[in-house]
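Given next are the chains, with one letter for each unit.
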Amino acid sequence: MPDYSWPPMEKRKVIGKRISRLDGMVKSTGAAKYNSDINPPGLLFGVLLTSPHGHARIKSIDTSEAERLPGVTAVRVILGAGKEIQWQGQEIASLAAVTEDIARDAARKIKVDYEILEHFVDEEDLAKAGSRAKPAGEVTTGDPDKAFQEADAISQGYYAIPVITHCCLEPHGQTVRWRGERVDYWPSTQNVSALGAELARSIKVPVTQVHTDMQYMGGGFGSKFPADLWGTECAELSKASGGRPVKMFLDRQQELLMAGNRPSVFGEIKVGAKKDGSLTVWQSKTWASGGLGGGNLNADQMPYVYRNVPNRRINHTAVSINAGSARAWRAPNNQQLSYITCCALDDLAAKLGMDSLDFFIKNTSLSPRGEVYKYQLEKGAEIAEWKKLWKPRGTSNGPIKRGLGIGVNMWGGLGHDSKCRAIINPDGSVEVQIGTQDLGVGTRTIVPQVAAETLGLPMPAIKFSMGSNAYPPSGASGGSTTVGGVTASTRKATVNALNKLFEVVAPSLGVPADQLEAVDRKIQVKGNPAKSLSWQAACAKLGVNRIEEMGENVGRTAPREGLISQGAAGIQIADVSVDIETGKVKLNRLIAVQDCGLIVNPKLAESQIFGACIMSTCGALYEERVMDQQIGKTLNADMEFYKLSGINDIGEIIVHLDLRPEMDKRGVIGLGEPPAIGGIAAIANAVANAVGVRVHMVPLTPNRVLEALARRNA
Amino acid sequence: MDAFAYANPATLSEATALLASSLYDAQVLAGGTDLISLMKDYLLTPATVVNIKNIKELGGVAKGPGGLRIGATATFDELASSAVVKTEYPAIHAAVTGLTSPQLRNMGTAGGDLCQWPRCWYFRNGYGILAMKDGKSLVPGGENKYHGIFGGPAYFVSPSSLGPALIALGAKVTLANAAGKRTVDAAKFFVAPKDETTRGIDLQAGEILTEIVVPPAAGKNATYEIREREAMDWPLATASVCLKMSGGKVASAKVVLGHVGPVPVDSAKAAEFLAGKSIDEATAEQAGAAAVEGAKPLSQNGYKVQLAKVAVKRALLAVGKA
């Protein structure tokens with residue numbers, strides 16, 4: 001078998017370098033065309049009519065007036081008379097028209113008569129959930145009752161984290177042109193290779209007829225895997241409109257109501273420890289909702305990271321509410337698990353009178369990767385100047401209180417299945433093709449980096465083609481699997497192609513092919529630059545042929561080959577100031593220490609972590625979906641009262657990548673998700689440290705902080 | 001949005017004539033930062049939209065003998081960059097710069113700030129200005145953390161950034177219609193609605209707000225604003241204060257709270273309390289407490305009482321420092 005292993009650290013010329021994102025300029029200047037910018041000739045606008053009610057039955061639906069409106073080309077009923085609606089935003093009808101205004105006007109002319117049914121949208125109120133609450137059953141390890149009896153300190157608390165949505169800047173949607181036996185499909189997706197097959201199934205055409213293309217996308221965060229009902233509707237509207245292309249993207253309200261969310265969690269947690277700080281027992285009663293489908297939490301993963309605690313009792317209940325369903329949200333469940341765990345442990349440390357850093361370090365032995373967490377906590381503490389700045393809870397002076405807090409993360413990040421085609425042409429040009437997408441991870445940059453490293457060429461010499469299902473299939477970008485997948489497949493394809501070139505060139509250089517190497521735009525005898533051919537001259541020897549070689553990563557078996565592996569760990573330390581007169585929290589610093597194996601591009605890796613930390617500031621301080629139980633509706637399905645951080649709300653983000661050689665040896669591991677996990681917990685703990693009392697629910701808005709302070713003072 | 005006729009008059013008389021002929025079916029367009037979104041959400045469906053940005057006499061920010069004249073179409077950016085506003089009317093400057101969105105500052109106008117509709121999420125979701133469902137307000141039993149602590153039957157909060165500062169400074173607002181002009185005190189311009197036929201301001205059908213005149217600053221003034229985030233956000237509470245001092249003591253005071261009720265709350269009690277006192281931390285704190293006397297917080301907005309108090313205290317201390 002060819003040697004695919006990564007070049008040793010000290011020999012790398014392109015991999016591991018701080019190369020700027022190749023598409024940074026086109027994205028920031030607007031030259032990059034997202035699929036919501038694609039406007040083929042004859043374009044029609046598609047819109048969805050969605051339910052204004054949280055729970056209702058359709059008594060009748062009349063589309064005749066909409067159909068008569070000049071400019072309307074097709075109207076389709078999705079849910080007809082008698083059908084039950086389970087959330088505000090559920091799709092009822094779709095239509096296409098020659099302009100967006102006509103389409104929206106037409107949607108308002110569809111008459112729907114509803115029978116309003118009783119709704120339930122307040123999952124925090126578990127007592128009222130009735131049969132909508134589905135307990136998962138108790139999980140017990142060891143003897144929790146005995147452990148509580150023997151504990152020197154016990155902490156009990158209530159912790160809550162609300163539903164948030166994905167807020168993709170580019171909403172969900174697509175343009176579809178279904179003309180005869182060809183379906184052109186321009187979706188915004190995390191799943192370029194497989195999405196066409198899903199659409200093909202739903203519109204009942206062979207997959208060979210669906211041509212998917214997406215060069216740029218404006219955010220997915222786990223919510224853009226499926227083709228969705230609106231993909232099917234868009235295609236059917238195009239067909240019904242004589243094959244004219246139809247563009248249908250959700251509007252902002254629909255985006256917040258229909259396109260997925262991260263479930264809430266509410267938890268009553270009881271934890272116990274020995275005087276020396278050893279965590280001995282964990283007990284949790286949690287409940288959650290991610291919409292109609294309830295809310296799975298993987299509650300048996302608690303205490304998160306510190307999972308090997310000897311005694312545990314875990315109960316979780318999923319609550320079904322009348323709201324759109326959850327979708328994977330950048331590290332599904334992990335944010336909530338980290339938040340609940342780290343807050344409960346931080347409160348226990350305070351109860352013990354222990355510095356929480358010492359407590360978090362002392363118990364790292366309860367994690368299978370304890371040594372890594374210990375190193376990272378110490379490194380983070382050093383960067384944060386923890387030992388100099390940390391004070392016991394609530395002992396900071398003055399009306400502005402400063403505090404520090406910790407959150408932890410863990411993730412798999414094994415590269416997904418990916419195929420790559422590497423082409424070397426007689427003129428020396430090189431093309432690498434993968435049916436992948438750049439979700440923001442930097443795929444468009446790191447694939448040419450790997451190819452350039454392998455072939456001894458500068459990056460501009462590599463043409464990278466992606467974003468189409470015409471290219472070799474590659475997995476969906478989810479679970480932090482992309483970088484592992486595409487770097488491994490690219491490495492293999494380019495090594496294979498290079499070996500073919502060596503075979504062609506070897507006779508000219510008078511050595512066996514396995515004695516050649518590609519370095520600095522040359523094919524040379526290993527270690528002997530004098531005996532070489534330029535890349536151009538070498539490729540010219542191909543004559544009229546070109547080299548086309550495949551490389552494949554099979555996620556399941558890949559770790560054995562050493563290019564990639566799994567298991568990322570990280571910690572975050574937050575430094576906040578809280579104005580106790582106004583309850584306003586200011587994030588001073590968020591420090592992230594992260595391992596993710598071999599780092600292909602430290603600049604892009606840091607950028608991933610910056611983005612993850614910014615999302616954490618949103619979730620910790622501002623972001624929450626607000627529903628009204630009286631009317632069963634979301635009140636803030638907009639970007640005005642659904643609040644995200646602005647540039648002045650973020651504070652300083654400090655990233656420390658764990659680049660130690662023993663980490664590098666593990667191969668490439670995905671990074672997208674892990675740094676998005678622990679930040680909320682870190683900020684919540686920093687606020688508790690600052691103000692001396694636990695604020696029970698995030699986001700930590702002035703009302704909640706002031707209420708917690710009032711409780712403390714009462 | 002529904003189709004509408006668009007009028008682009010060059011003079012005030014043309015504009016008022018247009019409004020007179022279309023009555024309730026017309027809306028005035030200046031910056032459009034509120035109107036356009038209301039129209040897109042079908043909350044307003046005017047038959048005619050009258051653009052007033054091309055009426056020259058409605059623009060400008062200038063100091064004259066009568067004080068500071070702010071034209072209705074003067075943008076927040078013009079106000080933010082006015083040296084006179086910054087030095088003589090810091091209460092206005094702070095209110096304007098509290099709006100941290102450059103886009104809104106570039107487009108949003110002074111007149112529009114006074115005439116905008118409430119941000120109440122029940123109103124914006126189609127439940128009307130009183131947020132009624134089945135004859136009952138949704139606010140007291142609903143999600144009311146952003147609502148008023150001086151409300152009922154209207155629980156929304158006046159969204160105006162300028163309102164509290166203008167009231168504190170004794171400004172007057174001029175309104176014109178086809179028949180002529182009238183001038184009202186800024187304090188009287190805001191009117192708490194009692195039913196769905198009114199909207200929180202004294203702007204009658206056919207009228208255009210043409211200008212705001214702030215008298216020469218007779219005292220030290222300041223505004224303090226508290227909001228959840230630094231990025232564009234609606235205040236949770238603001239306080240604008242104006243103090244006439246005499247020998248280091250307050251001769252007379254105005255203390256006006258914003259974003260705590262359907263109209264800015266001009267607190268006579270706080271003003272009374274401050275008279276004859278010098279400003280220090282304790283006085284400022286007590287004035288804050290006086291300002292929120294009579295507040296009736298709802299289930300989720302008790303914290304706004306505290307925020308209003310703190311805003312008054314900090315506005316007074318800012319004046320003390322100036």
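Residues numbered from 1 in each chain as written. Chains lettered and ligands numbered in written order. Predicted model: local features only at pLDDT ≥ 70, side-chain atom pairs only at ≥ 80, totals over all residues. Heavy atoms only, no water.

1. Description of the overall build of chain B
Then, number 1: Across its full length, chain B holds 13 helices and 14 strands.
Then, number 2: Relative to the globule expectation of 20 Å for 322 residues, the C-alpha radius of gyration of chain B, 19 Å, shows essentially globular dimensions.
Then, number 3: If one aligns the C-alpha atoms of chain B with their principal axes, the spans along those axes are about 55 × 50 × 35 Å.
Then, number 4: Considering only intrachain contacts with a sequence separation of at least 6, the fraction spanning at least 24 residues in chain B is 64%.
Then, number 5: Total accessible area computed for chain B in this model is approximately 12500 Å², and 55% of it derives from carbon and sulfur atoms.
Then, number 6: In chain B, 32 positive and 28 negative side-chain charges are present, and the distance between their average locations comes to 5 Å. (Helix = DSSP H or I, 4+ residues; strand = E, 2+ residues; numbered from the N terminus. Rg over C-alpha atoms; globule rule 2.2 N^0.38 Å. Contact = heavy atoms within 4.5 Å. Areas by Shrake-Rupley, 256 points an atom, 1.4 Å probe, with all protein chains shown as cover. Lys, Arg positive; Asp, Glu negative; His and termini not counted. Charge placed at Lys NZ, Arg CZ, Asp CG, Glu CD.)

2. Comments concerning the nonpolar core
Then, number 1: Counting 188 residues, the largest nonpolar core has Trp282 and Leu700 of chain A together with Ile92, Tyr122, Phe189, Val214 and Leu257 of chain B as the members making the most contacts within it.
Then, number 2: No other element matches helix 13 (residues 303-321) of chain B, which puts eleven residues into this core.
Then, number 3: Aside from chain neighbours lying at most four places away, what touches Leu257 of chain B is Phe150, Pro164, Thr238, Ala239, Pro264, Val265, Ala291, Val292, Ala308 and Val312 of chain B.
Then, number 4: Listed in part, the 54 residues of the second largest apolar core include Trp6, Val447, Val495 and Phe502 of chain A. (Core = buried A, V, L, I, M, F, W, Y, C linked by side-chain atoms within 4.5 Å. Buried < 20%, exposed > 50% of the residue type's maximum accessible area, 1.4 Å probe, protein only.)

3. Side note on the pairing of strand 27 (residues 568-579) of chain A
Residues and elements named next belong to chain A.
Then, number 1: Where burial is concerned, most of strand 27 is hidden: twelve out of the twelve residues are buried.
Then, number 2: Side chains Ala568, Gly570, Gln572, Ala574, Val576 and Val578 project from strand 27 onto one buried face, and the interleaved Ala569, Ile571, Ile573, Asp575, Ser577 and Asp579 project onto a second face that is buried too.
Then, number 3: Two strands pair when backbone bridges link them, and strand 19 (residues 400-411) and strand 27 are joined in this way by twelve bridges, in the antiparallel orientation. The partner of Ile400 across the bridge, within strand 27, is Asp579.
Then, number 4: Taken together, the eleven bridges between strand 27 and strand 28 (residues 584-595) define a ladder with antiparallel strand orientation. The residue of strand 28 that forms the bridge with Ser577 is Lys586. (Pairing = 2+ DSSP bridges.)

4. Quick notes on the packing of helix 15 (residues 602-621) of chain A against helix 17 (residues 679-691) of chain A
Residues and elements named next belong to chain A.
Then, number 1: Viewed as axis vectors pointing N to C, helix 15 and helix 17 meet at an angle of 50 degrees, and their least axial separation amounts to 8 Å. Looking at the two axes, helix 15 sits oblique to helix 17. For the crossing formed where helix 15 meets helix 17, the hand is right-handed. Contact residues: helix 15 offers Ser616, Thr617, Gly619, Ala620 and Leu621, while helix 17 offers Gly679, Ile680 and Ile683. (Axes fitted to C-alpha atoms, helices over the stretch in contact; angles between N-to-C directions. Parallel < 35°, antiparallel > 145°, perpendicular 65-115°, else oblique. Left-handed = near helix turned anticlockwise from the far one by under 90°.)

5. Some details on helix 5 (residues 192-203) of chain A
All names here are of chain A.
Then, number 1: For helix 5, with twelve residues, the first-to-last C-alpha span of 17 Å sits near the 16 Å given by 1.5 Å per residue.
Then, number 2: For helix 5, the secondary structure elements touched by its buried residues are strand 11 (173-179), strand 12 (182-187), strand 13 (210-212) and helix 6 (228-240).
Then, number 3: Looking at the residues trailing helix 5, positive phi occurs at Lys204, about 60 degrees. (Expected span 1.5 Å × (residues − 1).)

6. Regarding the sheet that holds strand 21 (residues 430-433) of chain A
The pairing of strands in a sheet comes from backbone hydrogen bonds and takes either a parallel or an antiparallel form.
Residues and elements named next belong to chain A.
Then, number 1: Here four strands make up an open sheet; going across it, the order is 22-21-20-26 and the pairing mixed. Pairing within the sheet leaves two strands with one partner each, and these edge strands are strand 22 (462-465) and strand 26 (547-553). Strand after strand, the sheet turns through a mean of 20 degrees between neighbouring axes, direction not considered.
Then, number 2: Where strand 20 (residues 418-424) lies against strand 26, seven bridges are found, and the strand directions are antiparallel. Its bridge partner being in strand 26, Ala422 is matched across the sheet by Glu549.
Then, number 3: Packing against the sheet, helix 13 (residues 482-509) makes contact with strand 20, strand 21 and strand 26, and its axis sits at approximately 145 degrees to strand 26.

7. Describing the packing of aromatic side chains
Then, number 1: Evaluated as defined, the whole model comprises ten aromatic pairs over all chains.
Then, number 2: Chaining the aromatic ring pairs together yields one cluster made of Tyr158, Phe266 and Trp287 of chain A.
Then, number 3: It is Lys270 of chain A that lies over the ring of Phe148 of chain A; its NZ or CZ is 4.3 Å from the centre.
Then, number 4: Above the ring of Phe273 of chain B, the side-chain terminus of Lys277 of chain B is found at 4.0 Å from the ring centroid. (Phe/Tyr/Trp six-rings, centres within 6.5 Å; stacked < 30°, edge-to-face > 60°. Lys NZ or Arg CZ within 6 Å of the ring centre and 35° of its normal.)

8. As for the interface of chain B and chain A
Then, number 1: Every contact between the two is made by 31 residues of chain B and, on the other side, 32 residues of chain A.
Then, number 2: In terms of surface lost to chain A, no three residues of chain B exceed Trp121, Glu228 and Arg229 of chain B, which account for 21% of the buried area on that side.
Then, number 3: At the junction of chain B with chain A, the criterion picks out seven salt bridges.
Then, number 4: Residues Glu228 of chain B and Lys643 of chain A are paired through a salt bridge, measuring 2.8 Å at the closest nitrogen-oxygen approach.
Then, number 5: Counting every contact that joins chain B to chain A gives 19 residue pairs in polar contact (both at pLDDT 80 or more). (Buried area = accessible area lost by both parts, 1.4 Å probe. Salt bridge = Lys/Arg side-chain N within 4 Å of Asp/Glu carboxyl O. Polar contact = N/O pair within 3.5 Å; in protein donor to acceptor, adjacent residues only side chain to side chain.)

9. Some remarks on the sheet that holds strand 2 (residues 26-29) of chain B
All names here are of chain B.
Then, number 1: The strand order across the open sheet built from three strands is 1-3-2, with neighbouring strands paired in parallel fashion. For this open sheet the edge positions go to strand 1 (5-7) and strand 2, each flanked by a neighbour on one side alone. Between one strand and the next, the sheet's axes are offset by a mean angle of 25 degrees, whatever the strand orientation.
Then, number 2: Of the pairings in the sheet, the one linking strand 1 to strand 3 (residues 48-51) comprises three bridges and is parallel in character. Each bridged residue has a counterpart across the sheet, and for Ala5 the counterpart in strand 3 is Thr48.

10. Considerations on the domain arrangement of chain A
Interface size is often expressed as the accessible area that is lost when the parts come together.
All names here are of chain A.
Then, number 1: Domain annotation of chain A identifies domain 1 (9-32 + 414-561), domain 2 (35-118 + 167-258) and domain 3 (261-413 + 566-713).
Then, number 2: When each unit is reduced to the centre of its C-alpha atoms, the spacing between domain 1 and domain 2 is 38 Å.
Then, number 3: Contacts between the two partners involve 20 residues from domain 1 and, on the opposite side, 18 residues from domain 2.
Then, number 4: Summing the contributions of domain 1 and of domain 2, the shared interface buries around 1400 Å²; its carbon and sulfur component is 48%.
Then, number 5: Broken down residue by residue, the surface that domain 1 buries against domain 2 is led by Gln437, Leu439 and Asn469, which jointly contribute 37%. (Domains from an automatic or database assignment.)

11. A look at the packing of helix 8 (residues 334-352) of chain A against helix 17 of chain A
All names here are of chain A.
Then, number 1: For the pair helix 8 and helix 17, the least separation of the axes is 8 Å and the interaxial angle reads 25 degrees. By the criterion of interaxial angle, the relationship of helix 8 to helix 17 is roughly parallel. For the pair helix 8 and helix 17, the crossing hand works out as right-handed. Between helix 8 and helix 17, the residues in contact are Gln335, Ser338, Tyr339, Cys342, Cys343 and Asp346 and Ile680, Ala681, Ala684, Asn685 and Ala688, respectively.

12. Thoughts on the pattern of salt bridges
Then, number 1: Throughout the structure, instances matching the rule amount to 62 salt bridges over all chains.
Then, number 2: In this structure, the salt-bridge partner of Asp664 of chain A is Arg12 of chain A, at a minimum N-O distance of 2.7 Å. With Asp664 of chain A in helix 16 (residues 661-664) and Arg12 of chain A in the segment before helix 1 (24-29), the pair connects residues that are 652 residues apart, well separated along the chain.
Then, number 3: What makes Asp664 of chain A buried here is its relative accessible area of 13%.
Then, number 4: For the salt bridge of Lys133 of chain B with Asp134 of chain B, the shortest nitrogen-to-oxygen distance reads 3.4 Å.
Then, number 5: A relative accessible area of 34% means that Lys133 of chain B is categorised as partly exposed.

13. Comments concerning empty space enclosed by the protein
Then, number 1: If you walk through the whole model with that rule in mind, you get nine cavities of 30 Å³ or more.
Then, number 2: Here the largest cavity defines a volume of roughly 160 Å³.
Then, number 3: Lining the largest cavity are 16 residues, and of these Phe641 of chain A together with Arg119, Cys120, Tyr146 and Val157 of chain B sit closest to its centre.
Then, number 4: Among the residues forming the lining of the largest cavity, the class breakdown is eleven nonpolar, three polar and two charged. (1 Å grid on protein atoms, 1.4 Å probe; cavity = no way out; pocket = protein on both sides within 12 Å on 5 of 7 lines; lining within 4 Å. Points joined across faces, edges and corners; volume = space filled by probe spheres on them. Nonpolar A, V, L, I, M, F, W, Y, C, P; charged D, E, K, R; others polar.)

14. Considerations on the side chain of Asn425 of chain A
Then, number 1: Along the polypeptide, Asn425 of chain A turns up in the loop between strand 20 and strand 21.
Then, number 2: Beyond its immediate sequence surroundings of up to four residues, Asn425 of chain A is in contact with Cys539, Leu542 and Arg546 of chain A.

15. As for the side chain of Glu233 of chain A
Residue and element names in this part refer to chain A.
Then, number 1: Inspection of the secondary structure puts Glu233 in helix 6.
Then, number 2: A polar contact of 2.6 Å, which involves the side chain of Glu233, links it to the side chain of Ser94.
Then, number 3: The contact partners of Glu233, leaving out residues within four places of it in the chain, are Arg76, Ile78, Ser94 and Met248.

16. Concerning the pairing of strand 5 (residues 91-97) of chain A
Note on strand geometry: in a regular strand, side chains alternate between the two faces of the sheet.
Residue and element names in this part refer to chain A.
Then, number 1: In terms of burial, strand 5 is largely enclosed, as seven of its seven residues are buried.
Then, number 2: Note that strand 1 (residues 44-50) and strand 5 share six bridges and pair antiparallel. Bridge assignment links Thr50 to a residue of strand 5, and that residue is Glu91.
Then, number 3: Taken together, the five bridges between strand 3 (residues 72-77) and strand 5 define a ladder with antiparallel strand orientation. If you follow Ala74 over to strand 5, its bridge partner there is Ala96.

17. Observations concerning unusual backbone geometry
Then, number 1: Looking along the chain, the bond that leaves Val698 of chain A and enters Pro699 of chain A is cis, with omega of 0 degrees.
Then, number 2: Relative to the helices and strands, Pro699 of chain A is located in the loop between helix 17 and helix 18 (702-713).
Then, number 3: Of note, the bond from Gly152 of chain B into Pro153 of chain B is cis; its omega dihedral lies within 30 degrees of zero at 0 degrees.
Then, number 4: When you line up the elements, Pro153 of chain B lands in the loop between strand 7 (136-137) and helix 9 (162-168).

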